[in-house]
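Single-letter residue listing:
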Amino acid sequence: MEFKYDVVVIGAGHAGCEAAAAAANMGSKTCLITMDMNKIGQMSCNPAVGGIAKGQIVREIDALGGFMGLVTDQTAIQFRMLNRSKGPAMWSPRAQCDRGKFIWAWREVLENTENLHIWQDTVKELLVENGEVTGVKTMLEVTFCARCVIVTAGTFLNGLLHIGAVQIPGGRMAEPASYLLTESIMRHGIKTGRMKTGTPVRIDGRSVHYEEMDKQEGESDFHRFSFISDSRPLKQLNCWTCFTNPDVHRILEGGLAESPLYNGQIKSIGPRYCPSIETKIVTFPDKGQHQLFLEPEGETTQELYLNGFSSSLPMQIQIEALKKIPAFRDLVIYRPGYAIEYDYFDPTQLKHTLESKVVKNLFFAGQVNGTTGYEEAGGQGLIAGVNAHINCHGGTPFVLGRNEAYIGVLIDDLVTKGVDEPYRMFTSRAEYRILLRQDDADMRLTERSYRLGLAKRNRYDILQEKREHIDMIIDFCQKFSIKAAYINDALQQIGTTPLRGGCKLIDLIDRPEVNIHNIAPHIAAFKQLLDKLPSRREEIIEAAEIKIKYRGYIEREQLIADKMQRLENIRIKGKFDYSSLQSLSTEARQKLEKIDPETLAQASRIPGISPSDINVLLVLMGR
């Protein structure tokens, strides 16, 4: 073997898998180095993909030619579209997955990807010459030469697990931590810090009284994660919900003195939006109950994940508290919940390509950038993999704007604002979320990815056919005239006001009570048009209807995004010595010098930069 590659990826979690697949599929000779080939794509915490805003990211990964959506559909054991009671900008897909099958589905993808090798080992040293990465060295004393290196080590860098007073070195339960690599990277001037995350108890399903819980069924309609998946092959299962109670809280409160979070044992910051159960009872002392979700870990296993009960309290306190919930009165567990502390690197030292500003051709993606979540990691990994390939073989850097993708919002937030706690994506973080809907991720991104060489021809052809049929439906609705006498009986059946005169079909579909499905049977020509649609009929109809009903909002938000794009086009990197600009505030000078933004728009998003500071820069630019 010749240990010489274009791209070396360190770590085979969700970021590493997408990074390695992207670089290899674009033509780079790639090596993915992992400590354990049997844990590739491991779901370290809950066995689910997607959720609020996270589901949109997975759809974007898929639209770009990544694999998280395909693997999720292949291994899903429950699917739901969240937030259906709200507008389509808020709809978010989520799927429970079979944890074991998810790993093997990813292995099948990676082991059959041309240009990609996998090596089982631990990286201990980053090799750098003259400020440029040259490769890595492993614990087996193998030296890998590489033109680009992508660090996607997750929670493994100097990882430390906490269960009460018990502390165990590790990257996950029963898996060793990675040592030396953080120190090797820091030697080159890259800043690091510590963060904390946690995971709940795993329960033996044979000990659960399901009759004491509420059943949460999945959905079986046409929705998928991938735009090119055909079906979900695995058996679909239920989830279950219940609540904590004052007796549970009393026991948890009694154990707070032994909580690593409250006795000083854990010194790092945990995720604000995924708090431990002990944090919940301290933060919300007047709340008598907290909802818990019991989720299956696989199609055939008895192992269940208790979402909402993340904890690092001593094991006996966790068990004693849970037994006060009627459904868990005979509780048996596989393992307790635990917290983990790990190293991350300051993402403000990265470019929007996720390449380091400090060391050339060194990329970072995933939890090492201070994020939390498989989806955020996968999105970063794909962008890092694409740009590592571009650095090796030439081309324009691939960057997504805030108006193009949630992935663009995520990366811009990281490199512009930095993190002081684990970053989690929400729809509220995106100022253009009407443009970033989950239903049109392929419309936004696939053509661009196809031109780049990542998305393949079959995906591009499916997109073109879908776009043609959506346009055909909208065009028909805009041109087809309806007479009152012809349609009023149908409108009364649907429960909407009859017409006084004629109108276009598009004006009827604008009504809240009317949709394409309930109006089409009453308009023969329209029904005939819809009956001719291809196999992805429901997906096409839904996309067309969203564009019709929300066209005013979409157009208005696009105008706002276009105005902001003018600032995105004003490049300021390298044009100012910020420390000498006395017309800027002191905070602005310090922040601009630290971040060194690429564009004026990026500068405007840095916390502490005021509109007056932006006006000063505009004047100095002569604009």
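The shown structure was predicted, so the numbers you read here are calculated from the model rather than taken from an experiment. (Residues numbered from 1 in each chain as written. Predicted model: local features only at pLDDT ≥ 70, side-chain atom pairs only at ≥ 80, totals over all residues. Heavy atoms only, no water.)

### Re the overall build of the chain
Thinking step 1. Counting its regular elements, the chain contains 21 helices and 21 strands.
Thinking step 2. Considered along the principal axes of its C-alpha atoms, the chain spans approximately 80 × 70 × 55 Å.
Thinking step 3. The buried share of the chain, reckoned over its 623 residues, is 59%.
Thinking step 4. For the chain, the share of sequence-separated contacts (at least 6 apart) that also reach a separation of at least 24 residues comes to 73%.
Thinking step 5. A gap of 3 Å separates the mean positions of the 75 positive and 77 negative side-chain charges of the chain. (Helix = DSSP H or I, 4+ residues; strand = E, 2+ residues; numbered from the N terminus. Buried < 20%, exposed > 50% of the residue type's maximum accessible area, 1.4 Å probe, protein only. Contact = heavy atoms within 4.5 Å. Lys, Arg positive; Asp, Glu negative; His and termini not counted. Charge placed at Lys NZ, Arg CZ, Asp CG, Glu CD.)

### As for the pairing of strand β14 (residues 239-243)
Thinking step 1. With four of five residues buried, β14 is to be regarded as a mostly interior element.
Thinking step 2. One ladder, built from three bridges, connects strand β13 (residues 214-216) with β14; its direction is antiparallel. Looking at β14, one finds that Lys215 is bridged to Trp240.
Thinking step 3. Pairing geometry for β14 and strand β15 (residues 291-296), over four bridges, is antiparallel. Residue pairing in the sheet places Thr241 in a bridge with Phe293 of β15. (Pairing = 2+ DSSP bridges.)

### Some remarks on helix α19 (residues 586-595)
Thinking step 1. Restricting attention to buried positions, one finds in α19 the residues Ala588, Arg589, Leu592 and Ile595. Along the long axis of α19, the arc covered by the buried residues comes to 150°, so they all point the same way.
Thinking step 2. Directly beyond the C-terminal end of α19, a positive phi value near 50° is found at Asp596. (Arc of directions from axis to C-beta.)

### Re the packing of aromatic side chains
Aromatic rings in a pair are described by how distant their centres are and how their planes are angled relative to each other.
Thinking step 1. Following the criterion strictly, the structure yields 14 aromatic pairs and no others.
Thinking step 2. Between Phe79 and Phe225, the aromatic rings sit 5.8 Å apart at their centres with planes inclined by 80°, giving edge-to-face as the arrangement. One end of the pair, Phe79, is in strand β4 (residues 76-82); the other, Phe225, is in the loop between β13 and β14, and 146 residues separate them in sequence. Taken individually, Phe79 and Phe225 each receive the classification buried, so the pair is uniform in this respect. (Phe/Tyr/Trp six-rings, centres within 6.5 Å; stacked < 30°, edge-to-face > 60°.)

### Some remarks on a nonpolar patch on the surface
Thinking step 1. A grouping of Met139, Tyr179 and Leu180 is seen on the molecular surface, where their side chains present a nonpolar patch of about 280 Å² in accessible area.
Thinking step 2. Within the secondary structure layout, Tyr179 lies in the loop between β11 (166-169) and α5 (181-186).
Thinking step 3. You can call Tyr179 partly exposed: its relative accessible area is 37%. (Patch = residues over 30% accessible without salt bridge, like charges linked within 9 Å, V, L, I, M, F, W, Y side chains within 5 Å. Areas by Shrake-Rupley, 256 points an atom, 1.4 Å probe, with all protein chains shown as cover. Salt bridge = Lys/Arg side-chain N within 4 Å of Asp/Glu carboxyl O.)

### Considerations on the pattern of salt bridges
Thinking step 1. The tally for this structure, following the rule as stated, stands at 45 salt bridges.
Thinking step 2. Residue Arg402 pairs with Asp412 through a salt bridge whose shortest N-O separation is 2.8 Å. One end of the pair, Arg402, is in the loop between α9 (374-393) and α10 (406-417); the other, Asp412, is in helix α10, and 10 residues separate them in sequence. In terms of burial, Arg402 and Asp412 fall into one category: buried.

### Regarding the packing of helix α3 (residues 68-75) against helix α4 (residues 99-111)
Thinking step 1. At a closest axis distance of 9 Å, the pairing of α3 and α4 adopts a crossing angle of 135°. By the angle between their axes, α3 is oblique relative to α4. For the element pair α3 and α4, the recorded crossing hand is right-handed. Contacts between α3 and α4 involve Met68, Val71, Thr72, Gln74 and Thr75 on the former and, on the latter, Lys101, Phe102, Ala105, Trp106, Glu108 and Val109. (Axes fitted to C-alpha atoms, helices over the stretch in contact; angles between N-to-C directions. Parallel < 35°, antiparallel > 145°, perpendicular 65-115°, else oblique. Left-handed = near helix turned anticlockwise from the far one by under 90°.)

### So, helix α11 (residues 441-452)
Thinking step 1. For α11, built from 12 residues, the straight-helix expectation of 16 Å at 1.5 Å per residue is met to within 8% by its first-to-last C-alpha distance of 16 Å.
Thinking step 2. Looking at the packing, one finds that the buried side of α11 touches α2 (54-63), α12 (457-479) and α17 (537-549).
Thinking step 3. Remark: Gly453 follows α11 within two positions and exhibits a positive phi of approximately 105°. (Expected span 1.5 Å × (residues − 1).)

### Here's the deal with the confidence of the model for the chain
Thinking step 1. For the chain, the mean per-residue pLDDT works out to 96, and 100% of the residues sit at or above 70.
Thinking step 2. When mean pLDDT is compared element by element in the chain, strand β19 (residues 362-364) scores highest at 99, while helix α21 (residues 611-620) scores lowest at 89. (pLDDT = per-residue confidence, 0-100.)

### Describing the pairing of β4
Thinking step 1. Where burial is concerned, most of β4 is hidden: six out of the seven residues are buried.
Thinking step 2. Inspection of the sheet shows β4 paired to strand β5 (residues 92-97) by six bridges, in the antiparallel sense. Bridge pairing links Gln78 to Gln96 in β5.

### What about the nonpolar core?
Thinking step 1. Core analysis: the largest hydrophobic core is formed by 105 residues, its most contacted members being Val8 and Val149.
Thinking step 2. Per-element tally for this core: the top contributor is α9, with nine residues.
Thinking step 3. Residues contacting Val149, with those up to four places away along its chain left out, are Val8, Ile10, Leu126, Val133, Gly135, Val136, Asn361, Leu362 and Phe363.
Thinking step 4. In terms of nonpolar packing, the next biggest core, distinct from the first, is built from 32 residues, Ile474, Ile509, Ile541 and Ala543 among them. (Core = buried A, V, L, I, M, F, W, Y, C linked by side-chain atoms within 4.5 Å.)

### So, the environment of Asp221
Thinking step 1. Take Asp221: it is sitting in the loop between β13 and β14.
Thinking step 2. Classification of Asp221 by relative accessible area gives partly exposed; the value is 29%.
Thinking step 3. Expressed as a C-alpha distance, the spacing of Asp221 and Glu538, which sit 317 residues apart in the sequence, is 9.1 Å.
Thinking step 4. The residues contacting Asp221, other than those within four sequence positions of it, are Arg84 and Arg232.
Thinking step 5. Within the local environment of Asp221, its side chain forms a polar contact with the side chain of His223, the two groups lying 2.9 Å apart. (Polar contact = N/O pair within 3.5 Å; in protein donor to acceptor, adjacent residues only side chain to side chain.)

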